Amino acid sequence: MRYDLVVIGSGPAGEKAAAQAAYWGKRVAVIERSEKPGGASAHTGTLPSKTLRETALYLSGYHARELYGLSLSLDPNTEVHALMARKAAICAAAAQSVKHNLEHHKVDLIQGSARFVDPHTLEVQTANGPQRIEGDYVLIATGSSPLRPHDIDFADNDIYDSDEILSLDRLPRSMIILGGGVIGCEYASMFAALKVQVTLVDARPDLLGFLDSELVTDLKSAMERLGVKFVLGNKWKRVARTGGEIEVELNDGNKLWADKLLFAAGRSGNTSNLGLDAVGLAPDSRGNLAVNGHYQTSVPHIYAAGDVIGFPALASTSMEQGRVAACHAFDIRYKQNLSPLLPFGIYTIPEVSAVGETEQSAAQKGLAFVSGRAHYRNNARGQIAGDLEGKTKLIVSATDRKVLGVHVIGERASELVHIGQAVMLSGGTVDAFIEMVFNFPTLAESYKYAAYSAMTALERRALSGASAA
């Protein structure tokens, strides 16, 4: 069986690449080792974890505490699967959506595990025995799995990786989370909102270094108000069971104890069983594949996209990487490059989202800029919703007034960031937000007042320059 494109993996990158190529008339096959398509995004990561987040927000009365002074509490014997009652339906719907999309584009979906025999041939172990498939082009979109250090006993029923954590039978009294990246911060805030005593440990001195440091400070403060305790700049030395608890010994000699432990310090690309030696590809120490700007590996007809190539490992970027790879492979003059304006959506409590330059990156590049802010506590919709912690922040060029970066923390941050992203993609200036008429009351209106703040900063900078002259 020969195809124009063979895709290994049906997660966000694989699905969108396959549909894109098929849309332009190419014959495409997707090989998926799991029974249901959709990858980790649909079954263990993105959608299940966001389901828990919405549950935590609802059951904790997160905003109601500010609005009405209510204090809600859960029965300590509450089973996690009861909190996740919607998860199964949401995951099933996502898998069905992927399957329908592939069928709609006449893509062959083959269930089995694929392994390279030679640069153009894959052997697929199916329920009916091995099957060989040839492809003019191949896209590796096999995703990633949680990193599992050998010195941590994951066989212990109280130690989990980030794919297993939602299989908890009951909410614990306490939890230690090792790893302060996106996954660790998301789960820390969710469980803290559900009244679990959470301690987050990370060897780095700061959280989420790719975000604007001001918003990181805001997020850390908000998580501390939820009850999260942070141990930063201190690596774990040993994890072991002591009686009925999990003990973590830190490098400084201090020890922590909790009912459960979540290890969320990284993921590794799913490349170990692909037979990459048969095609001359070698992943790095984390199992990730190196690619160029078109998502080509060092073997020109073999592409890779999604989590298997590492950072940023977001469903949104993976989808676009897959599309770019498919278009480049077949020289389709449609989506040849990925926009540099990639938004980040961090589904902590509160939510954080950003696109473009941070204050730190702008300063490192020697850009002349100012920043402007608008706080949700001064926004009518923010007051109504009970979100008094939120903020919209703009980074604006001091030379041509163009919007260089947008950073939002608070309710609907991952939605709101796209307003700023659209202005940036069109090369717009901060004046666009002044000219826009926003519905009232809306959180989106915060853009106008962040723009006023930035324009005030521009005027002060101009006056300062004039005075110096």
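Here the structure is shown first, and the text comes after it.
Residues numbered from 1 in each chain as written. Predicted model: local features only at pLDDT ≥ 70, side-chain atom pairs only at ≥ 80, totals over all residues. Heavy atoms only, no water.

As for the pairing of strand β1 (residues 2-8)
Here is step 1 of the chain: Here β1 lies mainly inside the structure; five of its seven residues are buried.
Here is step 2 of the chain: Strand direction decides the pairing type here: β1 and strand β6 (residues 129-140), joined by six bridges, are parallel. Residue pairing in the sheet places I8 in a bridge with I140 of β6.
Here is step 3 of the chain: In this structure, β1 lies alongside strand β2 (residues 28-32), joined through four bridges in parallel fashion. Looking at β2, one finds that I8 is bridged to I31.
Here is step 4 of the chain: A crossover connection joins β1 to the parallel β2 through helix α1 (residues 12-23); in handedness this β-α-β unit is right-handed. (Buried < 20%, exposed > 50% of the residue type's maximum accessible area, 1.4 Å probe, protein only. Helix = DSSP H or I, 4+ residues; strand = E, 2+ residues; numbered from the N terminus. Pairing = 2+ DSSP bridges. Right-handed = clockwise from strand over helix to strand, strands pointing away.)

Regarding the packing of aromatic side chains
Here is step 1 of the chain: Tallied over the full model, the rule gives twelve aromatic pairs.
Here is step 2 of the chain: Ring centres 6.1 Å apart and planes at 55 degrees place the aromatic pair W24 and Y334 in the tilted group. Placement of W24 in the loop between α1 and β2 and of Y334 in the loop between α9 (315-329) and β18 (344-346) is noted, with a sequence separation of 310 residues between them.
Here is step 3 of the chain: Taking relative accessible area as the criterion, W24 reaches 39% and is therefore assigned partly exposed.
Here is step 4 of the chain: Between the NZ or CZ atom of R27 and the centre of the ring of Y3, over which it lies, the distance is 4.4 Å.
Here is step 5 of the chain: Across the ring face of W236, the terminal group of K235 is positioned such that the distance to the ring centre comes to 4.3 Å. (Phe/Tyr/Trp six-rings, centres within 6.5 Å; stacked < 30°, edge-to-face > 60°. Lys NZ or Arg CZ within 6 Å of the ring centre and 35° of its normal.)

Points about the environment of A22
Here is step 1 of the chain: For A22, the position within the fold is in helix α1.
Here is step 2 of the chain: The buried category is assigned to A22, whose relative accessible area is 11%.
Here is step 3 of the chain: In the structure, A22 is positioned 358 residues away from A380 in sequence and 47 Å away in space, judged by C-alpha atoms.
Here is step 4 of the chain: For A22, the contacting residues outside a window of four places in its chain are V28, H105 and V107. (Contact = heavy atoms within 4.5 Å.)

A closer look at the side chain of T142
Here is step 1 of the chain: Take T142: it is sitting in the loop between β6 and β7 (144-146).
Here is step 2 of the chain: If we ignore the near neighbours within four places in the chain, the residues touching T142 are I8, N270, L274 and V308.

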